[in-house]
Amino acid sequence: MTHIRTGRIFAACHPQDTARIRIVEYEEGDTRALVADVATGLRQRLILVSSLHPTAVTGTGSRRKSGYAPEDVPAVTKPPALVQRGEAAAETTEWFDGMPGRRFRVALPPRLLLLNSNQRLHHHSRADITRVLRRAAWAASRAVPHLERAHIVGVLHPEDRQRRDPANWYPSFKACVDGLVDQGVLDDDDHTRVVGPDMRLGHVVRGSRLVLHIRELATDDTPPAELRK
């Protein structure tokens, strides 16, 4: 298996598993590979090579939920079927219509657990969900270049048409912006570098998802009043 080689780092495929392992020893034809935890180099153990996938997606474009995949291979999945009342829903809203600056879209995988300011969670559970969202945003923003300043619109795509206040999902959007900082898209998320995230409600998506729409700001650029409400 050519995708398995000594020194390569694999990440867990399940979106709520943050495990990362490094291949310590493997020879072509072996049924098991010796791996260790990336962070510490400890916990060396043998795992089946059948659980070391070449990518984090299946041949049909679905995200894998088990095993590991190379961290340096982006997980490109097919867009989920967005069907509502017999018509395919499309993301047609242009959040920065008529505004200058480069634009980027960072879409997290659907079906992630989200944080809501109305929840009463144990701090361990909250920390676990925050870590998953932060890592998901980090992974989804690999193609975004470094930006000195940015205006961010965070869009919650719900799984149904019930009424919602998207501002209640601020803890989820905050974790995602921290993931952008981890990726190096932004040096920090303080007020001198980031305007937002402005939270909006998008169209229905099966399983719900968060999407960050990012616009590069010039040093003296300020968003218009209607997006700063």
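Everything that follows concerns the structure shown earlier in this document.
Quick caveat: nothing in here was measured; it's all calculated off a predicted structure.

Participant: Can you walk me through the side chain of arginine 8 in this structure?
Facilitator: With respect to the secondary-structure elements, arginine 8 resides in the segment before β1 (9–12). For arginine 8, a relative accessible area of 12% gives the class buried. Excluding anything up to four places from it in sequence, arginine 8 contacts His3, Ile21, Arg22, Ile23, Pro70, Asp72 and Val73.

Participant: Could you clarify how one ought to interpret the sheet that holds strand β8 (residues 103–107) in this entry?
Facilitator: Within a sheet, each strand pairs with its neighbour through backbone hydrogen bonds, oriented either parallel or antiparallel. If you trace the four strands from one edge of the open sheet to the other, you get β8-β11-β9-β10, paired in mixed fashion. Looking at strand neighbours, the two that pair on one side only are β8 and β10 (194–201), the edges of this open sheet. Neighbour-to-neighbour, the strand axes of this sheet turn through a mean angle of 20°, independent of strand direction. Taken together, the six bridges between strand β9 (residues 150–157) and β10 define a ladder with parallel strand orientation. Residue pairing across strands places histidine 151 opposite valine 195, the latter belonging to β10. Together, β8, β9, β10 and β11 (209–216) form the strand contacts of helix α2 (residues 170–183), whose direction differs from that of β11 by roughly 55°.

Participant: Honestly, the nonpolar core in this entry has me stumped. Any pointers?
Facilitator: Looking at soluble globular proteins, one finds that nonpolar side chains tend to be buried together. Counting residues in hydrophobic clusters, the biggest one holds 29 residues, and the most contacted among them are Leu108, Leu147, Ile152, Leu180, Leu186, Leu212 and Ile214. Counting residues per element, the ones that place at least two in this core are β8, α1 (123–140), β9, α2, β10 and β11. The residues contacting isoleucine 214, other than those within four sequence positions of it, are Phe96, Arg102, Arg103, Phe104, Val106, Leu147, Ala150, His151, Ile152 and Leu180.

Participant: Even after reading the chapter, I still don't get the packing of α1 against α2, so can you show me in this structure?
Facilitator: In a pair of packed helices, the angle between the axes and the distance between the axes together describe the arrangement. Between α1 and α2, the least distance of the axes is 7 Å, while the angle of their chain directions is 50°. One way to sum up the angle between α1 and α2 is to call them oblique. Seen from above, α1 lies across α2 with right-handed handedness. For the pair formed by α1 and α2, the contact residues are Arg126, Thr130, Leu133, Arg134, Ala137 and Trp138 on the first element and Pro171, Ser172, Ala175, Cys176, Asp178, Gly179, Asp182 and Gln183 on the second. In terms of residue class, the contact of α1 with α2 is built from six nonpolar, four polar and four charged.

Participant: Would you explain α1 in this entry?
Facilitator: Side chains three or four residues apart in an α-helix point the same way, a direct result of the helix having 3.6 residues per turn. Compared with an ideal rise of 1.5 Å per residue, which puts 18 residues at 26 Å, α1 spans 26 Å between its outermost C-alpha atoms and is within 8% of the ideal. Listing the buried residues of α1 in full gives Ile129, Val132, Leu133, Ala136, Ala137 and Trp138. Contacts from the buried residues of α1 go to β8 and α2.

Participant: I tried to follow unusual backbone geometry on my own but got confused; where do I start?
Facilitator: Trans peptide bonds make up the majority, and among non-glycine residues the majority have a negative phi. Note the cis peptide between glycine 196 and proline 197, where omega equals 5°. By the element assignment, proline 197 lies in strand β10. Positive phi is not limited to glycine here, since serine 208 has a value of about 65°. Relative to the helices and strands, serine 208 is located in the loop between β10 and β11.

Participant: Even after reading the chapter, I still don't get the pattern of salt bridges, so can you show me in this structure?
Facilitator: Proximity of charged atoms lets side chains of opposite charge pair with each other. All chains considered together, the criterion is met by twelve salt bridges. Note that aspartate 72 and arginine 8 form a salt bridge whose closest N and O atoms lie 3.1 Å from each other. Of the two residues, aspartate 72 sits in the loop between β5 (68–70) and β6 (83–84) while arginine 8 sits in the segment before β1, which places them 64 residues apart along the sequence. Note that arginine 102 is salt-bridged to glutamate 216, the shortest N-O span being 2.7 Å. In this pair, arginine 102 sits in the loop between β7 (87–88) and β8 while glutamate 216 sits in strand β11, placing the two residues 114 residues apart along the sequence. For arginine 102, a relative accessible area of 42% corresponds to the partly exposed category. Taken together, the shared-partner salt bridges in this structure form one network comprising Arg20, Glu71 and Arg135.

Cut-offs and rules
Residues numbered from 1 in each chain as written. Predicted model: local features only at pLDDT ≥ 70, side-chain atom pairs only at ≥ 80, totals over all residues. Heavy atoms only, no water. Helix = DSSP H or I, 4+ residues; strand = E, 2+ residues; numbered from the N terminus. Buried < 20%, exposed > 50% of the residue type's maximum accessible area, 1.4 Å probe, protein only. Contact = heavy atoms within 4.5 Å. Pairing = 2+ DSSP bridges. Axes fitted to C-alpha atoms, helices over the stretch in contact; angles between N-to-C directions. Core = buried A, V, L, I, M, F, W, Y, C linked by side-chain atoms within 4.5 Å. Parallel < 35°, antiparallel > 145°, perpendicular 65-115°, else oblique. Left-handed = near helix turned anticlockwise from the far one by under 90°. Nonpolar A, V, L, I, M, F, W, Y, C, P; charged D, E, K, R; others polar. Expected span 1.5 Å × (residues − 1). Salt bridge = Lys/Arg side-chain N within 4 Å of Asp/Glu carboxyl O.

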